[in-house]
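So the chains spell out like this:
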Amino acid sequence: MGFSADSCTSVRRWRLYKPCRGKTTSGSPRDLKRPTDLISSIMEGAIDVLVCQFKTFAGSSNTLSQEEFQKLVAMQLPNYVKTTGCSAEIDQLMRSVDADKDGELTFLEFWQLIGAVANKQGGFGQ
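Owing to the predicted nature of the structure, the values given are computational and were not obtained by experimental measurement. (Residues numbered from 1 in each chain as written. Predicted model: local features only at pLDDT ≥ 70, side-chain atom pairs only at ≥ 80, totals over all residues. Heavy atoms only, no water.)

### Points about the overall build of the chain
So, step 1. Scanning the chain for helices and strands turns up 5 helices and 0 strands.
So, step 2. Listed N to C, the secondary structure of the chain is α-α-α-α-α in terms of helices and strands.
So, step 3. Taken across its 126 residues, the chain has 27% of its residues classed as buried.
So, step 4. Long-range pairs, those at least 24 residues apart, make up 41% of the contacts in the chain with a sequence separation of at least 6. (Helix = DSSP H or I, 4+ residues; strand = E, 2+ residues; numbered from the N terminus. Buried < 20%, exposed > 50% of the residue type's maximum accessible area, 1.4 Å probe, protein only. Contact = heavy atoms within 4.5 Å.)

### A few points about the packing of helix 2 (residues 42–58) against helix 3 (residues 66–76)
To describe two helices that pack against each other, one gives the angle between their axes and the distance between the axes.
So, step 1. As a packed pair, helix 2 and helix 3 sit with axes 9 Å apart at the nearest point and diverge in direction by 135°. By the criterion of interaxial angle, the relationship of helix 2 to helix 3 is oblique. Helix 2 and helix 3 meet at a crossing whose hand is right-handed. Counted together, Q53, F54, F57 and A58 of helix 2 and E68, K71, L72, M75 and Q76 of helix 3 form the full contact between these two elements. (Axes fitted to C-alpha atoms, helices over the stretch in contact; angles between N-to-C directions. Parallel < 35°, antiparallel > 145°, perpendicular 65-115°, else oblique. Left-handed = near helix turned anticlockwise from the far one by under 90°.)

### A short note on the confidence of the model for the chain
For any part of a model where pLDDT is low, the fine detail of the predicted coordinates should not be relied upon.
So, step 1. Averaged over the chain, the pLDDT score is 78; the fraction of residues at 70 or greater is 67%.
So, step 2. Here residues 10–26 scores under 50 on pLDDT; set against residues more than four positions off or in separate chains, the count is 33 contacts. (pLDDT = per-residue confidence, 0-100.)

### What about the nonpolar core?
So, step 1. Grouped together as the largest cluster of nonpolar side chains are 17 residues, with contacts concentrated most on L64, F69 and L72.
So, step 2. The greatest single-element share of this core, amounting to 4 residues, is contributed by helix 5 (residues 107–122).
So, step 3. Leaving out residues up to four positions away in the same chain, L72 has contacts with Q53, F54, F57, L64, L77 and F110. (Core = buried A, V, L, I, M, F, W, Y, C linked by side-chain atoms within 4.5 Å.)

### As for helix 4 (residues 87–97)
So, step 1. Among all positions in helix 4, only I90, D91, M94 and V97 are buried. Looking straight down helix 4, one finds that the buried residues subtend no more than 130° of arc, so they occupy a single side.
So, step 2. The inward-facing, buried residues of helix 4 contact helix 3 and helix 5. (Arc of directions from axis to C-beta.)

### Structural notes on the packing of aromatic side chains
So, step 1. Going through the model one piece at a time under the given rule, you end up with 4 aromatic pairs.
So, step 2. Aromatic side chains F54 and F110 sit 5.3 Å apart centroid to centroid with 45° between the ring planes, which places their arrangement in the tilted category. You can see F54 sitting in helix 2 and its partner F110 sitting in helix 5, a full 56 residues away along the chain. Neither residue differs from the other here; F54 and F110 are each classed as buried.
So, step 3. For the pair F107 and W111, a centre-to-centre distance of 5.6 Å together with 35° between the ring planes defines the contact as tilted. Residue F107 and its partner W111 are located together in helix 5, separated by 4 residues, close to a single helical turn.
So, step 4. Through successive ring pairs, a cluster of aromatic residues spans F54, F107, F110 and W111. (Phe/Tyr/Trp six-rings, centres within 6.5 Å; stacked < 30°, edge-to-face > 60°.)

Okay, structure coming up:
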């Protein structure tokens, strides 16, 4: 599945259900005929949201600059990343996941941050 601006728009609309038997559903669970009528699972939806948020903040460059990263963290992770009010600490956080030290984050570098935050939030260890 490729992502485009249209993909992100549809994720924002949260259209959860496939048409059933050629009809468009109202989006109500009672319209579901079988579990496969769901467009995506909860985890697939979560990944779609992460990809779309990254693309929204990164713009056409497909990488996050230091300023874009600060905005993303402040707006989207304020309860998970406690340093959102301190730009120096956010800059340090960015440097810690910027593997190639080019001053920008690729999606894979960003994904490392998401993994670390999720690991900490889930209580899975250090």
